[in-house]
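# Observations on the three-dimensional arrangement
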Amino acid sequence: MNRQAKCKTPRRPPKKPSSNQKDPVGVYCRVRPLGVEDEECCIEVISSATIQLHAPEGFKTNRNGEYKETQYSFKKVFGVSISQIELFEHVAKPLVDDLIHGKNGLLFTYGVTGSGKTFTMTGSPGQGGLLPRSLDMIFNSIGPYQAKRYVFKTDDKNGMEVQNEVDALLERQRRENNSSVPKSSSSRQKLDPEIADMIKSEEAYKTEGVDEDSSYSVFVSYIEIYNNYIYDLLEENQEDAIKPKPPQSKTLREDQNHNMYVAGCMEVEVKSAEEAFQVFWRGQKKRKVANTRLNRESSRSHSVLIVKLAQAPLDADGDNILQDKNQVTVSQLCLVDLAGSERTGRTGAEGTRIREAGNINQSLLNLRTCIEILRENQLCGTNRMVPYRDSKVTHLFKNYFDGEGKVRMVVCVNPKADDYEETLLVMRFAELTQEVEVARPVDRPICGFTPGRRHRNQAFKEELSRKLDERGGPIDGDVPSVINSMVHCLPPLPSSELADPNDDITLPRLIEALHNRHRIRQMMIDEYNNAANRMKSMLQELDNNLISKENVIHEQNGKLVDKEKIIQNNKAEIERLEKRTKMQEHKIDILQKTTKIYEDDQRTLKYELETREQRLQREQSDKRRLEQRMQGVVTDTQYKWEKECDRRVNAMQLEMQNKLWVKDEKLKQLKAIVTESKTPGRPDPPPRQTQRQPQSQPRSQPQSQPQRQTQPQTQPQRPSREEPLPAKRSASPSPVPTVTPVRPLHRRSRSAGGEKWVDHKPSSSLDLGTVLQPVIPNSIQVSTPSEKALSKCDRYVLTHQEVASDGEIQTQLIKGEVIKTRGGGQAVQFTDIETLKQELTTVPRRKRKSSEGTPANGDHTDGAWTDVETRCSAAVEMRAGSNLGPGYEHHGITKRRKP
């Protein structure tokens, strides 16, 4: 053999499923009776397989404002009036039958704390639960076929060995000598009063079809899983009163058949149901329990009772057990009492109890997760890894869910209204568990011997004893009786009494009898020697045959070594291929992840492309709208300059007409003077007129025409700003030819005063790009006002921009005065708001004639008064420095002063 193979664990082939047929997990429901009759009940048993949950009064309703009622179905529902024996007959009895026929089984109780799980599993005096009834049924079935103690012996690797009668006898003597407790004379030990009358004799069950040609032995182990640690409840520790030693936790391991077991766990061989239950009760007293608000003796750990049944067939004679380890069948039944799920708010747990409750809920959550993934793998065809190792409970029983036996679950529920929410979660988990299927285990192989060997051997022994008894032969077969029978086969000795010294008859007769006996003895010796020689020859022949068989065996061993080498090479090749397969799978995973990343990038880029296309379309639409607006601006500007040219032409015409009129007046006056000078006694010339003469309507109409032209109109796409009308004096009708020219003055904007301004313009202000812009001279422009800037100025203006309801940008100038405070600081008091807004008007509105808005009767409507010509038909004359009223000031347009 290769030396490297010793340092490497041999690779076992993957475990094949035990059967193609599958059975669903059997889930049963048991309803606990209410403790108080007046208490509200939220569970109703509808049929033998369905229950209905009612939401209690005051519970949160659903969206429609009604209480929601849900129904759940099980394999069978047991109401409050069900007895323990009926529950055992439906739930645990089939598992015990499978155990005796060499199949495994798992039965566990699940539910909220205080729902009756421990009572269902263990029971009470007079009402034994599933566990004591299962033990009683096992020993009622295999009682006459049990092997002697220590014939079956457990090893440290979850296996079973068979010892011969001599080794078992020595083991029994050694155990009895080492045991300090004297053995009770009675076969029935004195039981604990709490468990003495668990099962009545009339309630005993027995399995049909037990293999009578096999010997059986039962082993019991009892463990608990506390805070996700495994402790052996049957382990006997040496108690130290000064410094007690805490119990040591056990580990889970996997045997050569891929079955999980607790390493180092104590397995006790029991020979009766009373002894087995006594062992269980001894471990039950060590189990972790505590008093909570919901349960006086609440289980703080998961308890597991493992019942192992070892069976081996008898030999061909039906007398002794086969000493072949491969013929030993070991089946086990696990009875699990799970700790109840609980909420710390209801139980009032503190300190250690909170940690215990957290570990219990976490282990139950891991169990639920494993069930969900198993269900998903079976229904959807996925191959997700089931996280058995996350909890000791699921890791210990993973073989059962992989097809090593039947799985049964009893869901215990409490109909109290306080447990309604937690009962809903339990029902959902139970409904989920029913959809999981477990492979059906196969039957154990048949050994091949003739059935009925035990009875035939027993009948043969009885018949042999009877015949020996009839013939007077040795019944017990001891050596002295055999020797006596051989002596009786020799001829009897004659009478050797000598009455006369001269008797010559008695001695020769005795000598002859002795010679006959000697001859018979010599014949027997010869026959014995012949038989011994024949035996020697037979033994030599057997030795020769044995040597030849040993040679054949040696040759076969050599071939086997070669085959093993080939197998090792094949295994190495398989390992290499498996590594290569894993590498390829890893590469496939990487490629799949890369493909997924590329697909995500593609989706992201596609989405970004669509977003940019939408943005581009939006920008194109904005561009088209801007082009339309610019076309409108060009049209309006062209129309404005046409109107401006007309106005200037009309103004020049009016000015020329005024000059001509002045010249005409001077010529008339000169003509009048000349005419009067020719006449005698001319009168004095008229005095100089200093006031304007009223003009007629035809003369006034040309004068108002320039005024109408100078009135600024609403400019499209430009901010409108308040500006007063320019002051203009009418021509004086005085004969004085000289007219004093008056310079047209415009009212200055408020922002153009002599004060110093703080111009607060945010950095986000937009430039409108128009001609009219708010410009404030003698100002300090800031983006954030500061105390230093306010201390140097008297006025304050804030530029604010926002989008108006029509979508155009509206600019507001919020003005105020800077006031010094008593504390030496500055405060701003706002006094005015000036609004700049862009407006877009249609061209036909500007080409309205003066006669469009005038009705036939001469009454002016709103359209007529808002006409440009109507609004500009009146002129206002003012002197330099005069102030207009608020109404005029509002409609005037201010002119900016050049900085």
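Here goes a summary of the coordinates provided. Please read these numbers as outputs of a predicted model, since none were measured by experiment. (Residues numbered from 1 in each chain as written. Predicted model: local features only at pLDDT ≥ 70, side-chain atom pairs only at ≥ 80, totals over all residues. Heavy atoms only, no water.)

## Considerations on the overall build of the protein
- For the protein, the helix and strand inventory stands at 20 helices and 27 strands.
- By the burial criterion, 33% of the 899 residues in the protein qualify as buried.
- By sequence separation, contacts in the protein at least 24 residues apart represent 71% of the contacts at least 6 residues apart.
- Of the accessible surface of the protein, which amounts to about 58300 Å², a share of 51% is contributed by carbon and sulfur atoms. (Helix = DSSP H or I, 4+ residues; strand = E, 2+ residues; numbered from the N terminus. Buried < 20%, exposed > 50% of the residue type's maximum accessible area, 1.4 Å probe, protein only. Contact = heavy atoms within 4.5 Å. Areas by Shrake-Rupley, 256 points an atom, 1.4 Å probe, with all protein chains shown as cover.)

## Topic: the packing of helix 4 (residues 130-142) against helix 6 (residues 273-284)
- In contact at an axis separation of 9 Å, helix 4 and helix 6 are set at 150° when each is read in the N-to-C sense. Crossing of helix 4 over helix 6 shows right-handed handedness. Taking contact as the criterion, the partners of Leu131, Pro132, Leu135, Asp136 and Phe139 in helix 4 are, on helix 6, Ala273, Ala276, Phe277 and Phe280.
- Looking at the contact of helix 4 with helix 6 residue by residue, the classes come out as 8 nonpolar, no polar and 1 charged. (Axes fitted to C-alpha atoms, helices over the stretch in contact; angles between N-to-C directions. Left-handed = near helix turned anticlockwise from the far one by under 90°. Nonpolar A, V, L, I, M, F, W, Y, C, P; charged D, E, K, R; others polar.)

## Describing the packing of aromatic side chains
- In total, this model carries 8 aromatic pairs according to the counting rule given.
- Geometrically, the ring pair formed by Tyr796 and Phe830 is edge-to-face, given 5.9 Å between the ring centres and 70° between the ring planes. Taken as a pair, Tyr796 in strand 25 (residues 795-803) and Phe830 in strand 27 (residues 826-837) lie far apart in primary sequence, 34 residues in all.
- We classify Tyr796 as buried; its relative accessible area is 6%.
- Since its relative accessible area comes to 47%, Phe830 is described here as partly exposed. (Phe/Tyr/Trp six-rings, centres within 6.5 Å; stacked < 30°, edge-to-face > 60°.)

## Considering the side chain of Asn158
- When you line up the elements, Asn158 lands in the loop between strand 10 (152-154) and strand 11 (160-162).
- Polar side-chain contacts of Asn158 include one of 3.1 Å to the side chain of Asp255.
- At a separation of 2.5 Å, a polar atom in the side chain of Asn158 contacts the side chain of Lys308.
- The contact partners of Asn158, leaving out residues within four places of it in the chain, are Asp255, Asn259, Tyr261 and Lys308. (Polar contact = N/O pair within 3.5 Å; in protein donor to acceptor, adjacent residues only side chain to side chain.)

## With respect to helix 2 (residues 93-100)
- Within helix 2, 6 of the 8 residues are buried, which leaves it mostly tucked inside the rest of the structure.
- Those residues of helix 2 that sit buried are Leu95, Val96, Asp97, Asp98, Leu99 and Ile100.

## Topic: the pattern of salt bridges
- Per the counting criterion, the structure on display carries 22 salt bridges.
- Among the salt bridges present, the one from Arg175 reaches Glu171, with a minimum N-O distance of 3.1 Å. One end of the pair is Arg175 and the other is Glu171, both in helix 5 (residues 165-178) and 4 residues apart, which spans about a single turn.
- One salt bridge in this structure joins Glu644 and Arg648, with 3.3 Å as the shortest N-O distance. (Salt bridge = Lys/Arg side-chain N within 4 Å of Asp/Glu carboxyl O.)

## What about a nonpolar patch on the surface?
- A cluster of nonpolar side chains, namely Met535, Met538, Leu539 and Leu542, defines an oily patch on the protein surface of about 390 Å² accessible area.
- Relative to the assigned elements, Met538 resides in helix 14 (residues 506-678).
- What makes Met538 partly exposed here is its relative accessible area of 47%. (Patch = residues over 30% accessible without salt bridge, like charges linked within 9 Å, V, L, I, M, F, W, Y side chains within 5 Å.)

## What about the sheet that holds strand 5 (residues 70-73)?
- Read from one edge of the open sheet, 3 strands run 3-4-5, paired in antiparallel fashion. Pairing within the sheet leaves two strands with one partner each, and these edge strands are strand 3 (43-45) and strand 5. With direction set aside, neighbouring strand axes in the sheet form an average angle of 25°.
- Here strand 3 pairs with strand 4 (residues 50-53) via 3 bridges, running antiparallel. When the bridges of strand 4 are listed, Glu44 appears paired with Gln52. (Pairing = 2+ DSSP bridges.)

## Side note on unusual backbone geometry
- Although it is not a glycine, Tyr150 adopts a positive phi angle of roughly 70°.
- By the secondary structure assignment, Tyr150 is in the loop between helix 4 and strand 10.
- A positive phi is found at Asn228, a non-glycine position, where the angle reads about 65°.
- In this structure Asn228 comes out as partly exposed when scored by relative accessible area, which is 32%.

## Considering the pairing of strand 15 (residues 260-263)
- Bridging between strand 14 (residues 249-254) and strand 15 involves 4 bridges; their strand directions are antiparallel. Counterpart to Leu252 in the pairing with strand 15 is Val262.

## A look at the nonpolar core
- Grouped together as the largest cluster of nonpolar side chains are 56 residues, with contacts concentrated most on Ile51, Phe74, Phe397 and Met427.
- When neighbours within four sequence positions are excluded, Phe397 is seen to be in contact with Leu106, Val304, Cys334 and Val336.
- Core analysis: the next-biggest nonpolar cluster, separate from the first, contains 44 residues, Leu87, Met121, Tyr216 and Trp281 among them. (Core = buried A, V, L, I, M, F, W, Y, C linked by side-chain atoms within 4.5 Å.)

## Some thoughts on the pairing of strand 4
- Residues of strand 4 alternate between two faces, with Thr50 and Gln52 on one and Ile51 and Leu53 on the opposite face, all of them buried.
- Connecting the antiparallel pair strand 3 and strand 4 is a turn made up of 4 residues.
- Here strand 4 pairs with strand 5 via 4 bridges, running antiparallel. For Ile51, the partnering residue across the bridge sits in strand 5 and is Tyr72.

## Points about the packing of helix 1 (residues 84-91) against helix 4
- Put simply, helix 1 and helix 4 touch, their axes get as near as 10 Å, and they point 65° apart. For the crossing formed where helix 1 meets helix 4, the hand is right-handed. Seen from helix 1, the contacting residues are Gln84, Ile85, Leu87 and Phe88; seen from helix 4, they are Leu130, Arg133, Ser134 and Met137.
- Broken down by class, the residue content of the contact of helix 1 with helix 4 amounts to 5 nonpolar, 2 polar and 1 charged.

## Description of the sheet that holds strand 23 (residues 757-760)
- The strand order across the open sheet formed by 5 strands is 24-23-25-26-27, and the pairing between neighbours is mixed. The strands lining the two open edges of the sheet, one partner per strand, are strand 24 (779-782) and strand 27. Here the average twist between neighbouring strands, direction ignored, is 20°.
- Relative to strand 26 (residues 809-820), strand 25 runs antiparallel, the two being bridged by 9 bridges. From the neighbouring strand, Glu802 faces strand 26, where its bridge partner is Gln810.

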